Amino acid sequence: MSKNLEAYDSALLGILQHEGQIAKFLDVVLGFLYRRTDFYRLMKSKDDKLGFPPGVAAKILLSAYQKYDDLTRKDDEEREKILQQKLQQESPVPPAAKIVEISSEPETASTASAKSTSQQKTGTANSGPSVGTEVSDPQPQSNPSPEDSKPGTSKPSKTEEEDPELVAKQKVFQSNPESYNGAIRDNYTWSQSITDVDIRIKIPKYIVKGRDVKVEIDKKHIKVSHRTDSGSWLEVVNDDLPWEINKEESMWTLVPKEHVHINLEKREERWWESVLTSEEKISVRKIDASRPMTDLDDEAQAKIAEMMYNEQQKRMGKPTSQEQKVQDILKDAWNAEGSPFKGQSFDPSKINMGQGGVVTINNQEDPVAK
């Protein structure tokens, strides 16, 4: 992004904080274009010097949106690639397999005597089985993992994970931004991130004013009603939430003729299997569980940003941040006392930087002998 555009961030951020919502912020910007510019004016003739030909203004807006949408997709791909590389680097090495040698030779009297002596030394209370007694191997008992012992975190069966109908449903949900990591239901859709939930409840076409809608949000319950064409109130949602939310940080907005948009901030960072307790649960193992970069701490964000920068530098054939630091140090030492290159301009080609930061001088003619 151009630094010239970043110069306006403070002013634009002030407007966004004042309005509180993206839709209202965009309304302010487009309203400014309407009141103070000829952006919405149509050119009626070739001689008209103000405005745009029909459809051109809309194409400008769509082009600007597409530009930053493409940049966002590329950033997501780079971020996912770097996170996968980081996870692979941090993944523990599996322990080496143990080899147990089993002898097929018949037990002799001497070996049997040695075994008996060994059992006596180790304090074995019961003697071994008598001859002719068949002893079966004990069945290993598996201890439950900490994840299985947590309430509300039952591990799905293999059938549930491989259910083709469930997989197909979740693919449909994931393809729709309004049900991403969520689901599509009869009269509403919902999506989620690790920190919040968005619910869009359908309303009739004649609902255009906020006074025609009632929304009640509690820490573990929501209720939504709207006015009917006869003037009475119709309850469309009245159900408990599976987990608590921060009531004070949650809000709702009306999109006239379309839906009521409710944004809920989760009290705990966790993935919800449903947004209402009465609805069918989704499999949280089929959703996109990656976290946005902004959710990471400053150190992790800086590390990922550095890795993205280094990856870009490598593709362009330029030095990475670490290689640039080494070059700066070598440049300072180039003309130092005792350097074979003293008095010459800095030439990185005469230096080879290997893995691990090992620096060697390339085999070239001794500059002192010239």
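Structure: above.
Since the structure is predicted, the reported quantities are computational estimates derived from the model, not experimental observations.

J.: Quick question: what am I supposed to make of the overall build of the protein here?
T.: Check the secondary structure of the protein and you find ten helices and ten strands. Taking all 370 residues of the protein together, 21% fall into the buried category. Counting only contacts in the protein whose residues sit at least 6 apart along the sequence, the fraction spanning at least 24 positions is 42%. With the model as given, the accessible surface of the protein reaches about 27900 Å², and the carbon-plus-sulfur share is 52%.

J.: Just to check I follow, could you spell out the pattern of salt bridges for this structure?
T.: Pairing between side chains of opposite charge can happen when the charged atoms of each approach one another. Under the defined criterion, the tally for this structure stands at 13 salt bridges. With its nearest N and O atoms 3.0 Å apart, the salt bridge here joins Arg79 to Asp76. You can see Arg79 and its partner Asp76 sitting in helix H4 (residues 56–90), three residues apart, about one turn around the helix. Judged by relative accessible area, Arg79 falls into the buried class, the value being 17%. Note that Lys281 and Glu273 form a salt bridge whose closest N and O atoms lie 3.7 Å from each other. We classify Glu273 as partly exposed; its relative accessible area is 30%. Residues participating in the shared-partner salt-bridge network are Asp69, Arg73, Asp76 and Arg79.

J.: How should I be thinking about the nonpolar core in this particular structure?
T.: A general feature of soluble globular proteins is that nonpolar side chains tend to end up buried together. In terms of nonpolar packing, the biggest core is built from 28 residues, with Trp190, Ile199, Ile262, Leu264 and Val275 touching the most fellow members. Elements represented by at least two residues in this core include exactly strand E2 (188–192), strand E3 (196–202), strand E4 (213–218), strand E5 (221–227) and strand E8 (259–265).

J.: For this particular structure, what's the right way to read the sheet that holds E3?
T.: Hydrogen bonds between backbone atoms are what pair the strands of a sheet, whose relative direction is either parallel or antiparallel. The strand order across the open sheet built from five strands is E1-E2-E3-E8-E7, with neighbouring strands paired in antiparallel fashion. Looking at which strands have only one partner, the edges of the open sheet turn out to be strand E1 (183–184) and strand E7 (251–255). Sheet topology note: the E3/E8 ladder contains seven bridges and is antiparallel. Opposite Lys202, over in E8, you have His259 as the bridge partner.

J.: Would you mind showing me how to read the packing of aromatic side chains here?
T.: Where two aromatic rings form a pair, the distance of their centres and the angle of their planes describe that pair. Evaluated as defined, the whole model comprises three aromatic pairs. Note on Tyr34 and Tyr40: the rings are 6.4 Å apart at their centroids and 70° apart in plane angle, and the pair reads as edge-to-face. An angle of 85° between the planes, with centres 5.2 Å apart, marks the rings of Phe39 and Tyr40 as edge-to-face. Looking at Phe39, the relative accessible area reads 10%, which means it is buried.

J.: Just to check I follow, could you spell out the packing of helix H2 (residues 9–19) against helix H3 (residues 22–36) for this structure?
T.: When two helices pack together, their arrangement is given by the angle between the helix axes and by the axis-to-axis distance. Direction vectors running N to C along H2 and H3 enclose 125°, while the axes themselves pass 8 Å from each other. Overall, the two elements H2 and H3 adopt an arrangement that is oblique. Pair H2 / H3 crosses with right-handed handedness. Along its contact with H2, which presents Leu12, Ile15, Leu16 and Glu19, the element H3 presents Ile22, Lys24, Phe25 and Val28. For the contact of H2 with H3, the per-class residue count stands at six nonpolar, no polar and two charged.

J.: Explain the sheet that holds E4 to me, please; I cannot follow it from the model alone.
T.: A sheet is described by the order of its strands in space; here three strands give the open sequence E4-E5-E6, paired in antiparallel fashion. Where the open sheet ends on each side, the last strands, each with one partner, are E4 and strand E6 (233–240). With direction set aside, neighbouring strand axes in the sheet form an average angle of 5°.

J.: Please clarify how the pairing of E4 should be interpreted in this entry.
T.: Two faces make up the sheet, and in a regular strand the side chains alternate between them. Burial along E4 is one-sided: the face carrying Val213, Val215 and Ile217 is buried and the face carrying Lys214, Glu216 and Asp218 is not. Summarising the sheet, E4 and E5 pair through six bridges and their orientation is antiparallel. Each bridged residue has a counterpart across the sheet, and for Ile217 the counterpart in E5 is Ile222. With antiparallel pairing between neighbouring strands as the criterion, E4 and E5 make up a hairpin whose turn holds two residues.

J.: For this particular structure, what's the right way to read the pairing of E6?
T.: Sheet analysis places E5 next to E6, joined by seven bridges and oriented antiparallel. In the strand pairing of E6, His221 is matched with Asp240. In textbook terms, the turn of a hairpin is the stretch between consecutive antiparallel strands, and for E5 and E6 this stretch comprises five residues, one of which, Gly231, has a positive phi near 100°.

J.: Would you take a moment to explain the environment of Lys214 for this structure?
T.: Structurally, Lys214 is set in strand E4. Here the alpha-carbon distance between Lys214 and Trp233, two residues 19 residues apart in the chain, equals 9.0 Å. Excluding anything up to four places from it in sequence, Lys214 contacts Lys223, Val224, Ser225 and Trp233.

Rules used throughout
Residues numbered from 1 in each chain as written. Predicted model: local features only at pLDDT ≥ 70, side-chain atom pairs only at ≥ 80, totals over all residues. Heavy atoms only, no water. Helix = DSSP H or I, 4+ residues; strand = E, 2+ residues; numbered from the N terminus. Buried < 20%, exposed > 50% of the residue type's maximum accessible area, 1.4 Å probe, protein only. Contact = heavy atoms within 4.5 Å. Areas by Shrake-Rupley, 256 points an atom, 1.4 Å probe, with all protein chains shown as cover. Salt bridge = Lys/Arg side-chain N within 4 Å of Asp/Glu carboxyl O. Core = buried A, V, L, I, M, F, W, Y, C linked by side-chain atoms within 4.5 Å. Pairing = 2+ DSSP bridges. Phe/Tyr/Trp six-rings, centres within 6.5 Å; stacked < 30°, edge-to-face > 60°. Axes fitted to C-alpha atoms, helices over the stretch in contact; angles between N-to-C directions. Parallel < 35°, antiparallel > 145°, perpendicular 65-115°, else oblique. Left-handed = near helix turned anticlockwise from the far one by under 90°. Nonpolar A, V, L, I, M, F, W, Y, C, P; charged D, E, K, R; others polar.

So far we have only geometry, and geometry alone does not tell us how the molecule works.
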